[in-house]
Amino acid sequence: MTSAEAVGLLQSVCNKLKMNPLLPSQVSQLSNRCLLLPRGAHLRRVGNMNEKDVNSVVTNYYQIGLGSVSTLALNDLLVSLMEEPCFDVLRTQEQLGYSVFCTCRCTSGVLGLSVTVCTQATKF
């Protein structure tokens, strides 16, 4: 597919979906969707809406700050280096959960790294 064909396909999809550009007021609302966290420890605990469900998810999120191409590349590299040891230690050795992973996050231009463990809450 050439770049002209790709642009034509995108325009066709936008026309079919009746998409319009965002208004300036809508754009300003989008910029306020991510906050810079102050340094220090923060905790947010949310209970399960289904009281019979014994599954639990723990996510540690480390905010890096405003992103650039170089910091995004470094964050991706860090996640690539962490994936296997993270799984090996937390899932295989410590057996903390049935799903363990780390991931790079980019939310509204703010970079972060998270380590997530999905487990049975009644296990421990």
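Above this note sits the structure.
Residues numbered from 1 in each chain as written. Predicted model: local features only at pLDDT ≥ 70, side-chain atom pairs only at ≥ 80, totals over all residues. Heavy atoms only, no water.

1. Structural notes on the overall build of the protein
So, point 1. On a plain count of helices and strands, the protein comes out with three helices and three strands.
So, point 2. Helices and strands in the protein line up, N terminus first, as α-α-β-α-β-β.
So, point 3. Relative to a compact globule of 124 residues, whose C-alpha radius of gyration would be 14 Å, the protein shows 20 Å and is clearly more extended.
So, point 4. Expressed as lengths along the three principal axes of its C-alpha atoms, the size of the protein is roughly 55 × 35 × 35 Å.
So, point 5. Counting only residues that meet the buried cut, the protein has 15% of its 124 residues in that class. (Helix = DSSP H or I, 4+ residues; strand = E, 2+ residues; numbered from the N terminus. Rg over C-alpha atoms; globule rule 2.2 N^0.38 Å. Buried < 20%, exposed > 50% of the residue type's maximum accessible area, 1.4 Å probe, protein only.)

2. Quick notes on helix α3 (residues 69–93)
Think of an α-helix as 3.6 residues a turn; residues three or four steps apart then line up on the same face.
So, point 1. If you check α3, its first and last C-alpha atoms are 35 Å apart, about what 25 residues at 1.5 Å a residue would give, namely 36 Å.
So, point 2. At M82, α3 shows its maximal bend, which comes to roughly 40°, and the proline P85 appears one to four places after that position.
So, point 3. Buried residues in α3 make contact with β1 (55–66), β2 (99–107) and β3 (110–120).
So, point 4. Positioned one or two residues after α3, Q95 has a phi angle of 50°, which is positive. (Expected span 1.5 Å × (residues − 1). Bend = angle between axes of the 7 residues up to and from the residue. Contact = heavy atoms within 4.5 Å.)

3. What about a nonpolar patch on the surface?
So, point 1. A cluster of nonpolar side chains, namely M1, L9, V13, L17 and M19, defines an oily patch on the protein surface of about 550 Å² accessible area.
So, point 2. Mapped onto the elements of the fold, V13 is located in helix α1 (residues 3–16).
So, point 3. The class of V13 is partly exposed, set by a relative accessible area of 37%. (Patch = residues over 30% accessible without salt bridge, like charges linked within 9 Å, V, L, I, M, F, W, Y side chains within 5 Å. Areas by Shrake-Rupley, 256 points an atom, 1.4 Å probe, with all protein chains shown as cover. Salt bridge = Lys/Arg side-chain N within 4 Å of Asp/Glu carboxyl O.)

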